[in-house]
Structures are given as C-alpha cells and as structure tokens.
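# A look at the structure
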Amino acid sequence: MNNDALLRIAVTKGRLLEKSIGMFERAGADCAALRAPGRRLTLPVLGNIPFEVVLAKAPDVITYVEHGVCDFGIVGKDTILELGSSFYEVLDLRFGACRFVLAVPDGTDFFGGLRHRTVATKYPNVTRNFLEKKGVDADIVKIEGSVELAPILGLADGIVDIVETGGTLRENGLAPIEDVAYVSARLIANIAAVKTKKALVTDFINMCKGAL
Ligand code: PRP
C-alpha cells in the first residue's frame, strides 16, 4: 500500500498530461521534474502539498487507484465509462473535453435497413451498451488504436470513438452521426484513501478545484 504521509497521483500520459501539469502549476506547485521526465515514470511535485506523480496509460491509472497504490488518478471519462468504477469520481476537471461519437463513412445510412452491422472501437463495453439502447444489432470489433482505419479497410460500417478537433474523422472521410457521451478529464480517488488520508485528500481536492 501507499505511504501514509505522501499522496501519489496517477496521471494519464499523452493529451491529459500537459493540462494536468498546467493545473498543478496554477495551484503553485513546482513541476520541474514532471516537465523534464526523461524516461522516469515516477516524479516528485513540490509545493504546499508535495506529491508524487505516476505516469501511466489510462486503463492503468484506474487499476492503480482501485488497488490503492495511487491515492488519486487523472483519467478521461471515456476510460471510466468503459472500465467501470470501484473508486470515487471526485471532480470534473473540465479539460480534455471531447465528444464520444458514433461515426460512419460520410453519406452512408448506418441505421437504414435490416442488415447486420459491424462497429469498430477501442471501447467495446460503451459501444455495446449504446447500440443495445438504440436497438441496433451489431458485431463489435475491438481495435487498439487508429480506429478510423476499420471502415476504410472495409472491416466495419462505423466506429465509436472520441473526437477532439474532428480532424481525424474528416481527413478519413467519416462523419459523426450520434453522440454517445460527453467526455472530459476526471479526478478519481481511492475509496480507502478518502478515509485514511482525509486531511491530505481534502487539501488536494481543494487545490485542484482552486486551479480549475
Ligand atoms: C484519438 C481518437 C481519434 C483521435 C481524435 O486517438 O481515438 O483517433 O484522437 O482526435 P481529433 O478529433 O483531434 O482528430 P489518439 O490520438 O489518442 O490515438 P489512437 O487512435 O492511436 O489511440
């Protein structure tokens, strides 16, 4: 388990990291180590509330927080919706906002007719729930990245994926036809840490709130 005197925060590598660092710095923290991590995966952040940042892939952020080896995590709502939640979702950090959409090759009629459909996605659970609610009978194919390729290659009739600028969809001849959910970065907390490190945890949440 995690050291009682220090908070450990798992932060999703990639597009949420820069925005997370910005939030910490607005709160007055010194993120020099985090800004030049080299190949290090655990980095100290100094300030009124010192903490350690763990850099991880989104699903691993959830695993570390659920297992209590990290007190907090910063992760997209898309990953939370996909993997479920044995943790507290304490704050909508409002950055990393994007749409979660069903997209199809521009001009195609996904819902028309009775034919069987195939949908490619990195998010099979979210996609299954969404299509079931819409009453659409579809096969779901799990893809690990660049999901936009699946319709181009003829593997799928559509995709369910996150859209930030819309550039990837547009440049690959796809158009969104339905919104699945609103996605943004969330601060999540380990359930036990909220009790056992109550003062530190409250201070950290207030620090993040103040920096939003
Ligand atoms: C995400 C998403 C889209 C793209 C959307 O992929 O899965 O492919 O970004 O961004 P845009 O609307 O700004 O074009 P990511 O870059 O995380 O890579 P991946 O597909 O390899 O997971």
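Read on for a plain summary of the structure. (Residues numbered from 1 in each chain as written. Predicted model: local features only at pLDDT ≥ 70, side-chain atom pairs only at ≥ 80, totals over all residues. Heavy atoms only, no water.)

## What about a nonpolar patch on the surface?
The grouping of Leu149, Ile152, Leu153 and Leu155 at the surface amounts to a nonpolar patch, some 400 Å² of accessible area in total. Within the secondary structure, Leu153 is located in the loop between α6 (149–152) and β9 (158–163). (Patch = residues over 30% accessible without salt bridge, like charges linked within 9 Å, V, L, I, M, F, W, Y side chains within 5 Å. Areas by Shrake-Rupley, 256 points an atom, 1.4 Å probe, with all protein chains shown as cover. Salt bridge = Lys/Arg side-chain N within 4 Å of Asp/Glu carboxyl O. Helix = DSSP H or I, 4+ residues; strand = E, 2+ residues; numbered from the N terminus.)

## Describing the sheet that holds strand β10 (residues 174–183)
On the basis of which strands lie adjacent, the open sheet formed by 5 strands has the order β8-β7-β9-β6-β10 and mixed pairing. Because the sheet does not close on itself, it has two edges, and the strands there are β8 (138–142) and β10. Each adjacent strand pair in this sheet contributes to an overall mean axis angle of 25 degrees, direction not counted. Pairing of strand β6 (residues 98–105) with β9, which is carried by 5 bridges, proceeds in the antiparallel orientation. Residue pairing for β9: Arg99 is matched across the bridge by Val163. Running at roughly 165 degrees to β8, helix α5 (residues 124–133) makes contact with β6, β7 (117–121), β8, β9 and β10 of the sheet. (Pairing = 2+ DSSP bridges. Axes fitted to C-alpha atoms, helices over the stretch in contact; angles between N-to-C directions. Contact = heavy atoms within 4.5 Å.)

## Remarks on the state of the cysteines
With the rule as written, the count across this model stands at 0 disulfides. In this structure Cys31 is not part of a disulfide, and its nearest cysteine sulfur, from Cys208, lies 11 Å away. The thiol of Cys70 is not disulfide-bonded; the next cysteine sulfur, from Cys208, is found 14 Å away. We classify Cys70 as buried; its relative accessible area is 2%. (Disulfide = S-S within 2.5 Å. Buried < 20%, exposed > 50% of the residue type's maximum accessible area, 1.4 Å probe, protein only.)

## Focus on the pattern of salt bridges
Scanning all chains against the criterion turns up 11 salt bridges. A salt bridge links Asp92 to Arg186, with the shortest nitrogen-to-oxygen separation between them at 3.6 Å. Of the two residues, Asp92 sits in strand β5 (residues 88–92) while Arg186 sits in strand β11 (residues 185–189), which places them 94 residues apart along the sequence. The exposure class assigned to Arg186 is buried, which follows from its relative accessible area of 8%. The network of salt bridges with shared partners includes Lys77, Glu89, Asp92 and Arg186.

## A look at the side chain of Thr121
Residue position: Thr121 is located in strand β7. Reaching out from Thr121, the side chain makes a polar contact with the backbone nitrogen of Tyr123 at a distance of 2.8 Å. (Polar contact = N/O pair within 3.5 Å; in protein donor to acceptor, adjacent residues only side chain to side chain.)

## Section: the site of the ligand
Taken together, 13 residues are adjacent to the ligand, and Lys122, Glu148, Asp161, Thr165 and Thr168 come closest. In this structure, Ser146 approaches the ligand through a main-chain N or O atom, which is 2.8 Å from an oxygen atom. Separating an oxygen atom of the ligand from a backbone N or O atom of Gly166 is a distance of 2.8 Å. Among the cavities detected, the one that contains the ligand is the largest pocket. For the shell around the ligand, the leading source of residues is β9, giving 3 residues. Broken down by class, the residue content of the shell around the ligand amounts to 2 nonpolar, 6 polar and 5 charged. (Near = heavy atom within 4 Å. 1 Å grid on protein atoms, 1.4 Å probe; cavity = no way out; pocket = protein on both sides within 12 Å on 5 of 7 lines; lining within 4 Å. Sits in = over half its atoms within 2 Å of the grid points. Nonpolar A, V, L, I, M, F, W, Y, C, P; charged D, E, K, R; others polar.)

## Regarding the pairing of β9
Across the 6 residues that make up β9, a large majority, 5, are buried. Here β7 runs beside β9; their pairing, made up of 3 bridges, is parallel. The residue bridging Val119 from the neighbouring strand is Gly158, located in β9.

## Some details on unusual backbone geometry
A negative phi holds for most residues other than glycine; trans holds for most peptide bonds. In this structure, Arg94 takes a positive phi of about 70 degrees despite not being glycine. You can see Arg94 is positioned in the loop between β5 and β6. Taking the relative accessible area as the measure of exposure, Arg94 reaches 55% and is therefore exposed. Phi angles above zero are rare outside glycine, and Ser146 is one such case at about 45 degrees. Turning to its location among the elements, Ser146 is positioned in the loop between β8 and α6.

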